[in-house]
Amino acid sequence: MIYGTEKEYIRHTLIKAGAVEAGFAEAAPVEEKFMHLYTSWIEEGCHSGMDYLRRHIPLKAHPRHVLEGAATVISTAFSYAPAEFRAPALPSIACYAYGSDYHDVLRRRLSPAVEEFKTRLGGEWRICIDSAPLAERYWALKCGIGINGKNGSVITKKSGGYIFLAEILTTLSVAPDKPSKEGCKECGACVKACPQSALRPDGTVDSRRCLNYLTIEHRGPWAAAEAEAMLTDAARRSLFGCDICLRVCPHNRDAAPADIPEFQMRDSIRSLDAARVAAMTQPEFSATFKGSPIKRAKLDGLRRNALNIIGISPDFC
């Protein structure tokens, strides 16, 4: 078991890599209560078109399904809190997408640290950045790096909910930190502000009503119920995602801007409007959003969102 100075060496190295929080937990089976909540969420259809989440249910039950022999889960949080927001007159873009794709940025920052750990401490290590089937919010709370928000986010002391989570699995046993059992302020501001009523009482999000899902993950035309949701005022302003529940959260009021340069607003994002997106060709899309999370929506999806803003109805059915 790794204790004391070696444990703090791991934590300090991850903080040096840009993390605002890093914590440790035993790589044990995920608690039945959480798995039941997650499975029920999927059975109710709240995952909408993200069918891979259903396929991943068995894998999420234990970190050893992701790394054989895993003994420890290390949860890290990286801030993307913006130094500035886009002008209010422009359509909304979720501020996590202002800069470079976090998958690439976090892996570049964590990889040298993990290679150092392998050399100094031995063992097997694996970096997981939300594409791996881990219950990352669950593990963030088990590692004690934040508290649970009513908007489904993990809230840290330093950066509020403006964070990316990444996990590192290792076969080495590291003394666990104290799990977080706290919740947020329970003020209900996020629930009241959600324009689509997508935030559920149990702290989960109904993707079928969430603007993040509908403008980013959803592929193709919106079906009838989704199309109705996309005619609300907030939806008619959403070019890529939604930050409303984060912006109204009191935990985020004093969040210091992220000091990771890659997450600062790109010039190509600063003045981007719906008309420009609606007229984009595929080469223009690829050049404009190279290395950006916005490429996740693909040109067809982003153009669909732009047309909805402009008022030219795509073929919803």
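Residues numbered from 1 in each chain as written. Predicted model: local features only at pLDDT ≥ 70, side-chain atom pairs only at ≥ 80, totals over all residues. Heavy atoms only, no water.

## Quick look at the packing of helix α1 (residues 4–16) against helix α5 (residues 102–121)
A pair of packed helices can be characterised by two numbers: the angle between their axes and the separation between those axes.
Step number 1: At a minimum axis distance of 10 Å, the contact between α1 and α5 shows a crossing angle of 160 degrees. Taken together, α1 and α5 sit at an angle that is classed as roughly antiparallel. Crossing hand, α1 versus α5: right-handed. Note on element contacts: α5 touches α1 through L110, A113, E116, F117, R120 and L121, opposite E6, Y9, I10, T13 and L14.
Step number 2: Broken down by class, the residue content of the contact of α1 with α5 amounts to seven nonpolar, one polar and three charged. (Axes fitted to C-alpha atoms, helices over the stretch in contact; angles between N-to-C directions. Helix = DSSP H or I, 4+ residues; strand = E, 2+ residues; numbered from the N terminus. Parallel < 35°, antiparallel > 145°, perpendicular 65-115°, else oblique. Left-handed = near helix turned anticlockwise from the far one by under 90°. Contact = heavy atoms within 4.5 Å. Nonpolar A, V, L, I, M, F, W, Y, C, P; charged D, E, K, R; others polar.)

## Topic: the sheet that holds strand β4 (residues 125–128)
Step number 1: Taken together, four strands build an open sheet; the order of strands is β1-β2-β7-β4 and the sheet is antiparallel. Two strands bound the open sheet, and with one partner strand each, they are β1 (21–26) and β4. Mean inter-strand twist for the sheet, computed between neighbouring axes without regard to direction, equals 20 degrees.
Step number 2: Bridge analysis of β1 against strand β2 (residues 72–79) gives six bridges, and the strand direction is antiparallel. Bridging across to β2, A25 finds its partner in V73. (Pairing = 2+ DSSP bridges.)

## Let's talk about the layout of surface pockets
To locate leftover empty space, one rolls a probe as large as a water molecule over the atoms.
Step number 1: A volume near 270 Å³ is recorded for the second largest pocket.
Step number 2: Along its surface, the second largest pocket is lined by 16 residues, and S92, I93, R237, I244 and R247 are the ones closest to its centre.
Step number 3: Breaking the lining of the second largest pocket down by element, the ones donating at least two residues are β3 (92–93) and α10 (244–247).
Step number 4: Along the lines of polarity and charge, the residues of the lining of the second largest pocket split into eleven nonpolar, one polar and four charged. (1 Å grid on protein atoms, 1.4 Å probe; cavity = no way out; pocket = protein on both sides within 12 Å on 5 of 7 lines; lining within 4 Å. Points joined across faces, edges and corners; volume = space filled by probe spheres on them.)

## A short note on empty space enclosed by the protein
Step number 1: Counted under the stated rule, the structure contains two cavities of 30 Å³ or more.
Step number 2: Quantified by volume, the largest cavity comes out at close to 100 Å³.
Step number 3: Around the largest cavity, the lining is made up of 15 residues, and of these K150, C184, C187, C190 and C249 lie nearest the centre.
Step number 4: Here the lining of the largest cavity is composed, by residue class, of eight nonpolar, four polar and three charged.
Step number 5: Approximately 30 Å³ is the volume attributed to the second largest cavity.
Step number 6: Along its surface, the second largest cavity is lined by P82, A83, E84, Y98, F263, Q264 and M265.

## As for helix α14 (residues 298–310)
Step number 1: Compared with the 18 Å implied by 1.5 Å per residue over 13 residues, the 19 Å span of α14 between its first and last C-alpha is a close match.
Step number 2: L299, G301, L302, R304, N305, A306, N308 and I309 are the residues of α14 that are buried.
Step number 3: Of the surrounding secondary structure, the elements contacted by the buried residues of α14 are α8 (211–217), β8 (238–240), α12 (274–278) and α13 (282–288).
Step number 4: At the C-terminal side of α14, G311 shows a positive phi close to 105 degrees. (Expected span 1.5 Å × (residues − 1). Buried < 20%, exposed > 50% of the residue type's maximum accessible area, 1.4 Å probe, protein only.)

Read these as geometric descriptors, not functional statements.
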